[in-house]
Amino acid sequence: MINDTLREWWNQAEEADCEELMRLSVEGNPVAMHKLGDMYASGEYVAQNKERAAFWYNEAKKVFFDEDAHFDEDAHFDEDAHRDVFAAYNIASLSEKLGNKEIAAEWYIVAASGEADEDDYDDDYDEKSYQYEARKKLAQWYLEGTVFQQNTDKACYWIKNAFYNSEDIVNEEFVKPYCKQIAELFKNDADDEEEEAEKLKFVGYAETFYKKAIESGDEEAKTALIAYCKQIAELFKNKANNISLYEYRSYVGSCYCSNNLEPKLNAIETVELFYKKAAANGDEESTNTLATFLNSVAKEFLRASDYTSDNYWYYREDSDKVKLIKKAVQFYEKAEEIGDTACLIELATMFNEGELIKRDAKKALLYYEKAVSFGTTKADRKLFDLYKELGKTDKIAEILEKRAEDGTAEDKWNLGLKYATGEDVAKDAEKAAKWLECAASSGNADWQWELGEHYRDGNGLEESAEKACEWFEKVAENSVEKQWELGKMYADEFGNSEKAEDWLEKAASQGDSEMRYELALRYADGDRIGKNAAKAKEWFLKSAESGNKKACVKIAEIYESEKEFKSAAKFYMDAGETEKANRCLLGALDSVEK
């Protein structure tokens with residue numbers, strides 16, 4: 001039980017002046033005796049006198065030890081009993097100084113169990129700090145096993161209660177080995193608490209002690225903290241999932257329930273907080289779980305926006321629909337920030353289409369780019385269009401070059417044409433030549449011929465007759481028509497009569513009578529190739545023999561000029577020139593008669 005005499009002594013001496021202390025000391029008050037000893041020892045209010053100080057200290061000690069003080073460590077105090085924390089602590093402290101720890105322990109328990117005044121701001125009379133010291137002292141004595149029988153559980157109980165007075169207790173060296181155990185006590189308090197704010201308060205206390213245990217190298221505490229953070233996250237995730245943003249009403253059907261928005265957001269915020277705490281302690285799974293959760297929450301908010309009854313919502317920033325859509329975007333963005341790739345296309349599409357939120361091409365571009373960086377091909381076309389819209393030719397070139405490198409010859413050819421024409425990318429003759437030649441090397445004759453034309457005309461490429469002819473010849477090797485066309489280019493455009501003759505004759509020898517006729521005319525007239533009557537006659541004859549009537553006339557005229565009237569008459573007849581043929585036949589008769 002509480003020693004009422006000690007309390008009375010304390011109350012008498014607490015506010016007494018020097019003279020009153022002397023009177024009380026003479027009357028046998030040991031608290032007054034001790035205070036009077038302090039005065040003589042310090043020289044405060046009286047002349048310093050160490051002998052008198054020692055005398056009064058001894059007198060006080062005699063009284064304390066003569067008292068039949070009964071101590072009970074499991075004492076329970078009446079709820080209505082006086083609980084002056086300040087007074088109880090000082091009586092305990094004084095008793096300890098005088099060597100009576102049993103009485104001190106009883107008063108420390110009074111101070112530790114009392115109601116400290118929360119509104120006391122006097123530094124000299126701060127009940128919370130005195131109560132903190134009392135609780136700390138009890139914890140130490142339980143750990144030491146000197147005053148009490150050693151009891152770790154009770155020590156942790158008082159450390160836990162000291163924490164309510166001051167969080168500094170976690171930094172005490174004697175507390176560090178027991179931080180994990182104290183964390184478990186707060187965890188149990190949180191589990192028993194129904195009110196959300198109080199539950200989270202105890203969770204925070206538990207986290208503080210888990211962290212201190214981790215700092216001391218306790219790996220089990222780290223594992224326990226991760227598991228606990230995930231447990232709290234799951235608890236509030238279930239709560240968030242059970243709060244619906246829409247409800248069914250018989251007279252209108254499903255509709256948005258705005259009253260549930262704030263509690264749902266609060267639950268989501270708590271889920272996010274504790275998954276992140278678990279992740280911060282090294283649990284990668286929590287990051288993935290949180291990303292998936294935020295993604296699902298975003299989709300739920302979008303669904304809820306469909307149940308709002310807002311008319312003309314697009315024009316009102318404060319409409320329920322707009323608020324829900326904006327929240328959905330925020331959750332998608334949070335999921336993306338912690339590594340969720342599934343939401344990138346959704347975000348990019350929302351910002352690109354501008355149907356649910358204000359269109360933002362730059363944000364759409366950002367998310368499409370991220371989606372592509374993670375390997376998706378769904379964004380290629382959209383990304384390309386946005387680059388065009390924003391004039392980012394260098395980025396378009398990057399996409400097309402990667403596509404060309406990994407793609408088909410046609411991809412390479414198309415890229416080369418874009419560089420040649422400046423379509424979608426910056427015009428670049430060197431890159432155009434690189435990609436066009438790369439594609440043409442695959443063997444496509446049409447591309448090879450077109451490449452030759454680009455070089456010939458300087459169309460997007462640096463003009464080069466040599467390179468043009470190189471590509472033309474590749475095609476001409478396997479095409480009579482291209483051989484003929486190349487021969488004419490050598491003659492008419494490149495001024496190379498020797499090459500012209502080679503390719504024209506090569507084509508004419510395989511081609512039709514018209515080619516042979518035209519070649520014969522060139523030889524006859526010296527048209528861009530060397531004039532050569534013999535070759536002209538040769539090719540007119542070949543053309544005529546192939547049925548070309550114009551060639552028949554030409555070769556007939558040549559034979560007639562050479563007095564070869566029979567041959568001339570034959571070809572005139574083939575050409576349908578009967579009169580000229582008869583004339584040649586008469587000439588042939590005249591020659592015979594002569």
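Residues numbered from 1 in each chain as written. Predicted model: local features only at pLDDT ≥ 70, side-chain atom pairs only at ≥ 80, totals over all residues. Heavy atoms only, no water.

## Focus on the overall build of the protein chain
On a plain count of helices and strands, the protein chain comes out with 29 helices and two strands. Relative to a compact globule of 594 residues, whose C-alpha radius of gyration would be 25 Å, the protein chain shows 53 Å and is clearly more extended. Referenced to the eigenvectors of the C-alpha coordinate spread, the extents of the protein chain come out at roughly 190 × 70 × 40 Å. Scored against the burial criterion, the 594 residues of the protein chain give a buried share of 45%. In the form shown here, the protein chain has an accessible surface area of approximately 31500 Å², with 44% of it arising from carbon and sulfur atoms. (Helix = DSSP H or I, 4+ residues; strand = E, 2+ residues; numbered from the N terminus. Rg over C-alpha atoms; globule rule 2.2 N^0.38 Å. Buried < 20%, exposed > 50% of the residue type's maximum accessible area, 1.4 Å probe, protein only. Areas by Shrake-Rupley, 256 points an atom, 1.4 Å probe, with all protein chains shown as cover.)

## Focus: unusual backbone geometry
Leave glycine aside and you will find that most residues have negative phi; peptide bonds, for their part, are mostly trans. Here the phi dihedral of D424 falls at roughly 75 degrees; this positive angle occurs in a residue that is not glycine. For D424, the location among the structural elements is in the loop between α19 (409–421) and α20 (429–440). On the basis of relative accessible area, D424 is assigned to the buried category, the value being 16%. The backbone of K563 shows a phi angle near 65 degrees, a positive value even though the residue is not glycine. As for its placement among the helices and strands, K563 is situated in the loop between α27 (549–561) and α28 (565–575). In this structure K563 comes out as exposed when scored by relative accessible area, which is 59%.

## Quick notes on the confidence of the model for the protein chain
Confidence along the protein chain averages 84 in pLDDT terms, with 90% of residues attaining 70 or more. Note on residues 67–83: pLDDT is under 50 here. Beyond four places in sequence and across chains, it has 26 contacts. For residues 120–124, every residue scores under 50 in pLDDT, and the model assigns this stretch five contacts once sequence neighbours within four places are set aside. (pLDDT = per-residue confidence, 0-100. Contact = heavy atoms within 4.5 Å.)

## Describing the pattern of salt bridges
On inspection of all chains with the given rule, the structure shows 39 salt bridges. A salt bridge links D527 to R522, with the shortest nitrogen-to-oxygen separation between them at 3.8 Å. The exposure class of D527 is partly exposed, given its relative accessible area of 36%. Owing to a relative accessible area of 9%, R522 belongs among the buried residues under this scheme. For E538, the salt bridge is made with K542, and the minimal N-O distance between the two is 3.1 Å. Of this pair, E538 and K542 are both found in helix α26 (residues 533–545), four residues apart, which corresponds to roughly one turn of the helix. (Salt bridge = Lys/Arg side-chain N within 4 Å of Asp/Glu carboxyl O.)

## Points about the environment of F236
Structurally, F236 is set in helix α11 (residues 219–242). On a C-alpha basis, the gap between F236 and K264 in space is 9.5 Å, while along the polypeptide they are 28 residues apart.

## Some details on the side chain of S513
With respect to the secondary-structure elements, S513 resides in helix α25 (residues 513–525). Looking at S513, the relative accessible area reads 17%, which means it is buried. For S513, the contacting residues outside a window of four places in its chain are S543, S546 and N548.

## A short note on the nonpolar core
The biggest cluster of nonpolar side chains holds 183 residues, and the ones touching the most others in it are I169, F209 and F301. Apart from the residues lying within four places of it in its own chain, the contact partners of F301 are L245, L261, K264, L265, I268, L324, K327, A328 and F331. (Core = buried A, V, L, I, M, F, W, Y, C linked by side-chain atoms within 4.5 Å.)

## Looking at the packing of aromatic side chains
Counted under the stated rule, the structure contains 21 aromatic pairs. The interplanar angle of 75 degrees and the centroid separation of 5.5 Å between the aromatic rings of Y108 and W141 together place this pair among those described as edge-to-face. One end of the pair, Y108, is in helix α6 (residues 101–113); the other, W141, is in helix α7 (residues 127–144), and 33 residues separate them in sequence. Its end group placed over the ring of W10, K35 keeps NZ or CZ at 5.1 Å from the ring centre. We note K474 situated over the ring of W471; from NZ or CZ to the ring centre the distance is 5.3 Å. (Phe/Tyr/Trp six-rings, centres within 6.5 Å; stacked < 30°, edge-to-face > 60°. Lys NZ or Arg CZ within 6 Å of the ring centre and 35° of its normal.)

## Some remarks on the side chain of K212
Examined against the element boundaries, K212 turns out to sit in helix α10 (residues 196–215). In this structure K212 touches V170, N171 and C179, once residues within four positions along its chain are discounted.

## Points about the state of the cysteines
According to the stated counting rule, one finds zero disulfides in the structure shown. Unpaired in terms of disulfides, C229 finds its nearest cysteine sulfur in C179, a separation of 16 Å. The class of C229 is buried, set by a relative accessible area of 2%. In this structure C552 is a free cysteine whose sulfur lies 13 Å from that of C584, the closest cysteine sulfur available. Residue C552 is classed as buried on the basis of its relative accessible area, which comes to 2%. (Disulfide = S-S within 2.5 Å.)

## Details of the packing of helix α14 (residues 320–337) against helix α15 (residues 344–353)
How two helices sit against one another is set out by the angle between their axes and by the gap between those axes. Following both chains from N to C, one finds α14 and α15 inclined at 140 degrees, their axes separated by 10 Å at the closest point. Accordingly, the angle class assigned to the pair α14 and α15 is oblique. Seen along the crossing, α14 lies across α15 with a hand that is left-handed. Between α14 and α15, the residues in contact are I325, V329, Y332, E333 and E336 and L344, E346, L347, M350 and F351, respectively. (Axes fitted to C-alpha atoms, helices over the stretch in contact; angles between N-to-C directions. Parallel < 35°, antiparallel > 145°, perpendicular 65-115°, else oblique. Left-handed = near helix turned anticlockwise from the far one by under 90°.)

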